[in-house]
Amino acid sequence: MPHHFFAIGFGVRFLGIQMNRIFDYTGFDEDLLLSLCGDSHVKRGFAPWKYWTAEIYSFGRHYRNYGYYPSFLPIYCYSAHGVDYNTKKPYPHEIDNYAYAMLHVSPVAVELYKEYLDKPCYCVHSPFVWCRKSNKIGKADDARGTLAFPAHSTPVIDVEMDYGGYADLLLSLPEEFFPVAVCLHMHDINKGLHKIFQRKCIPVYTAGNAEDMRFAQRWYDIARNYAYTTSNVVGSYTFYSVEMGIPFFIMGNYPKLINFGDRNIPEGEYTYADKDYMAAHELFSERVDSVTPEQRAFVEKHLGIHDGLSRKEFSKLLYTAYLHKGNIVKDLFALGKYQGKNFARPLYRFAKRVLSTCRNAWGAGIDVVRAGVPLWDVAKLAWGEGHMRFSLLGKRLETNSPFWTLHGIREIFVDKTYLFNTSEKSPRIIDCGANIGLSTVHFKLKHPHARVTALEPDPAICGMLERNVSAFGFTDVEVLCKAAWTDDAGVSFINSGGVGGRIDASKDCGDTTPSIRLRDLLQEPVDFLKIDIEGAEYEVLKDCADSLKNVRNLFIEYHSMEKDEQQLDQILKFLKSTGFRYYIKEAWNNQPHPFTNKRCNLYDLQLNLFAYRIGCPQ
């Protein structure tokens, strides 16, 4: 099978770290998907790669394990990097190399390749299957639902298919095939195709970067939890699923393939659906409750289960290949150079983090210390990650976003962003997007008798908000673990566990949080309304535009997401039509050079909007 149809999945080991074994079938959010498919966390093994086909998809790791071959030696054999059952001529890259031998899991392909290659060709046991067996991985006893592998693209091959229609097809499966999820290749994740399925409320997984040595383990960790697998094409996932005992079936139309850069296949539109493919397609064309004997025989034949070299024979081949092609001096030098880079990389990251910490601490400045944060806690917040405790004005508070907490302390207590005057003894204040409570605390310190309502939809953060407010002894603050929204029916919410949780109005599934219609809170005079709700401000302001007349001071943090239409002009119209004057400041410098910056942030524009009334009683 050509490499461009090796679809993949991801299990419960995030970046190779064993995590909770309870599988919840909810998929991964966009940040995790992109992180797994990037280069920053990839582990390529101990030795530098000689031939990529023998290493990709973690093949090299399992070839070495199967053949008792040390991790520090390169593999001097070429390898098919998928399950190729077609009786066709080898690809050019499989012929034009200087490897000692060619490895293939299908005995049919081995016999064909011998006619074209000037080197030995051996049938080997599938490294993927060996990964499963050596790690004692099997289909989960409580496996359920269907895992789909849509045909995937590469940087030089486009797959033209109706992904939305394919998602609808999955959702049309009978009830016994639910829940459904998809596993996408790293290239499709990087192209943003996962968003199509997420918008349809279909969970998305990925095994991440195909160069990672943990790839096969991740794939099995996700696939084992499903009762069925499916795709619109027969691929390597077909064989690995069936070998593990998971029935596979074809569903959906064969895609249109466009090659614009891979020299190993025809340029332009092409197909590999020859008679061999159609025979395999026919074998898996019907949905079955269990793997049939014919399917198992076909799969085991093309995975080298019965014909592959034994471990002893394969070990002899790997060492023989090294003796013929290897150079111990050059290989040790290459190993030292490769590992030197690997050793230098964490040192570089550590130095970069130290520099970033110093910059953050310096940026906070002595003013933050004067605002009531001990110098040691400033350093902790500048360096730290995750949950921690810190002191503010002598009170011990909690946060799980140290950097943004440090930024918030400066913004609120030093720059006094939310400072306002009022003649009211008990001013009405509504804090939408209160987070851990820094702004709420500020309001109560400045206006002790204020009637404050603090809204925070993220349940984990809301707990910190309540505890932080209590730490200051404020017992009269109304804390609502709800999202400010256009109705009270609840809303789909993306929990970040930090400052980035946000409403996703495009989805009617997933994590749902209680909501409150902000308009209903504005039926009485409000002295200060703060709206910092991560992109939902336009919809909320639009809903309560005619009630803004009751608000005297209004702060809005405007968030512009590149994928959405910018609504700043509409928000300013709302403000102007209700008698506000406004002042605008940059909230965060997302794009220092807007014409040339790579669009890599969630938001391409963040602004602080200050809306106030001339002649308002102060």
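Residues numbered from 1 in each chain as written. Predicted model: local features only at pLDDT ≥ 70, side-chain atom pairs only at ≥ 80, totals over all residues. Heavy atoms only, no water.

Q: Before we go on, may I ask you to explain the overall build of the chain in this structure?
A: Looking only at helices and strands, the chain features 21 helices and 27 strands. With 618 residues in all, the chain has 55% of them scored as buried. Residue pairs in contact within the chain that sit at least 24 positions apart in sequence constitute 69% of those at least 6 positions apart. Surface summary for the chain: the accessible area is close to 28000 Å², and the carbon and sulfur share equals 53%. (Helix = DSSP H or I, 4+ residues; strand = E, 2+ residues; numbered from the N terminus. Buried < 20%, exposed > 50% of the residue type's maximum accessible area, 1.4 Å probe, protein only. Contact = heavy atoms within 4.5 Å. Areas by Shrake-Rupley, 256 points an atom, 1.4 Å probe, with all protein chains shown as cover.)

Q: Is there a simple way to explain the sheet that holds strand β24 (residues 528-531) in this structure?
A: Strands in a sheet are paired, the pairing made by backbone hydrogen bonds, and the direction either parallel or antiparallel. One open sheet accounts for seven strands, arranged β18-β17-β16-β24-β25-β27-β26; its pairing is mixed. Of all strands in the sheet, those with a lone pairing partner are β18 (478-480) and β26 (581-588), marking the two edges. Ignoring strand direction, the axes of neighbouring strands in this sheet form an average angle of 15°. Bridge count for β26 against strand β27 (residues 603-612) is seven bridges, and the pairing is antiparallel. Bridge assignment links Tyr583 to a residue of β27, and that residue is Phe610. (Pairing = 2+ DSSP bridges. Axes fitted to C-alpha atoms, helices over the stretch in contact; angles between N-to-C directions.)

Q: Please explain the packing of helix α16 (residues 402-414) against helix α17 (residues 438-446) as it appears in this structure.
A: Two measures define how a pair of helices packs: the angle their axes make with one another and the distance between the axes. Look at α16 against α17: their axes get within 10 Å of each other, and the N-to-C directions meet at 25°. By the criterion of interaxial angle, the relationship of α16 to α17 is roughly parallel. The element α16 and its partner α17 pack so that their crossing is right-handed. Residue-level inspection shows Thr405, Gly408, Ile409, Ile412 and Phe413 of α16 in contact with α17, the latter providing Leu438, Ser439, Val441, His442 and Leu445. Of the residues that constitute the contact of α16 with α17, the class distribution is six nonpolar, four polar and no charged. (Parallel < 35°, antiparallel > 145°, perpendicular 65-115°, else oblique. Left-handed = near helix turned anticlockwise from the far one by under 90°. Nonpolar A, V, L, I, M, F, W, Y, C, P; charged D, E, K, R; others polar.)

Q: Help me out: how do you make sense of the packing of aromatic side chains in this one?
A: For any pair of aromatic rings, the description rests on two quantities: the centre-to-centre distance and the angle between the ring planes. Scanning all chains against the criterion turns up 43 aromatic pairs. Ring plane angle 80° and centroid distance 5.2 Å describe the contact between Tyr25 and Tyr226, whose orientation is recorded as edge-to-face. Taken as a pair, Tyr25 in the loop between β2 (17-18) and α1 (30-37) and Tyr226 in the loop between α9 (215-223) and β10 (228-231) lie far apart in primary sequence, 201 residues in all. For the pair formed by Tyr25 and Tyr226, the shared burial category is buried. Ring centres of Trp404 and Trp588 lie 4.9 Å apart, and the angle between their planes is 55°; on these two criteria the pair is classed as tilted. (Phe/Tyr/Trp six-rings, centres within 6.5 Å; stacked < 30°, edge-to-face > 60°.)

Q: Would you explain helix α18 (residues 459-471) in this entry?
A: Think of an α-helix as 3.6 residues a turn; residues three or four steps apart then line up on the same face. With 13 residues, α18 should cover 18 Å at 1.5 Å per step; its first-to-last C-alpha distance of 19 Å lies within 8% of that length. Ile461, Cys462, Gly463, Met464, Leu465, Asn468 and Val469 are the residues of α18 that are buried. Where the residues of α18 are buried, they touch β15 (395-399), α17, β17 (451-455) and β18. For α18, the capping residue at the N-terminal end is Asp458, with a side-chain oxygen 3.1 Å from the backbone nitrogen of Ala460. (Expected span 1.5 Å × (residues − 1). Polar contact = N/O pair within 3.5 Å; in protein donor to acceptor, adjacent residues only side chain to side chain.)

Q: Where do I start with unusual backbone geometry in this structure?
A: Excluding glycine, residues mostly carry a negative phi; peptide bonds, for their part, are mostly trans. Following Phe178, the chain continues into Pro179 via a peptide bond in cis, with omega recorded as 0°. Looking at the secondary structure, you find Pro179 in the loop between α6 (163-171) and β8 (180-183). Positive phi is not limited to glycine here, since Leu393 has a value of about 55°. Looking at the element boundaries, Leu393 is found in the loop between β14 (388-392) and β15.

Q: I'm lost on the nonpolar core in this one. Help?
A: Here is a general trend for soluble globular proteins: nonpolar side chains tend to be buried in one another's company. In terms of nonpolar packing, the biggest core is built from 97 residues, with Phe128, Phe197, Tyr220, Tyr240 and Phe314 touching the most fellow members. With six residues, the single largest contributor to this core is α9. (Core = buried A, V, L, I, M, F, W, Y, C linked by side-chain atoms within 4.5 Å.)

Q: Would you take a moment to explain the packing of helix α10 (residues 236-243) against helix α12 (residues 293-301) for this structure?
A: It is the contact of α10 with α12, at a shortest axis distance of 9 Å, that shows an interaxial angle of 115°. Here the hand of the crossing between α10 and α12 comes out left-handed. Side by side, α10 and α12 meet where Phe239, Val242 and Glu243 of the first sit next to Gln295, Arg296, Phe298 and Val299 of the second. Counted by class, the contact of α10 with α12 contains four nonpolar, one polar and two charged residues.

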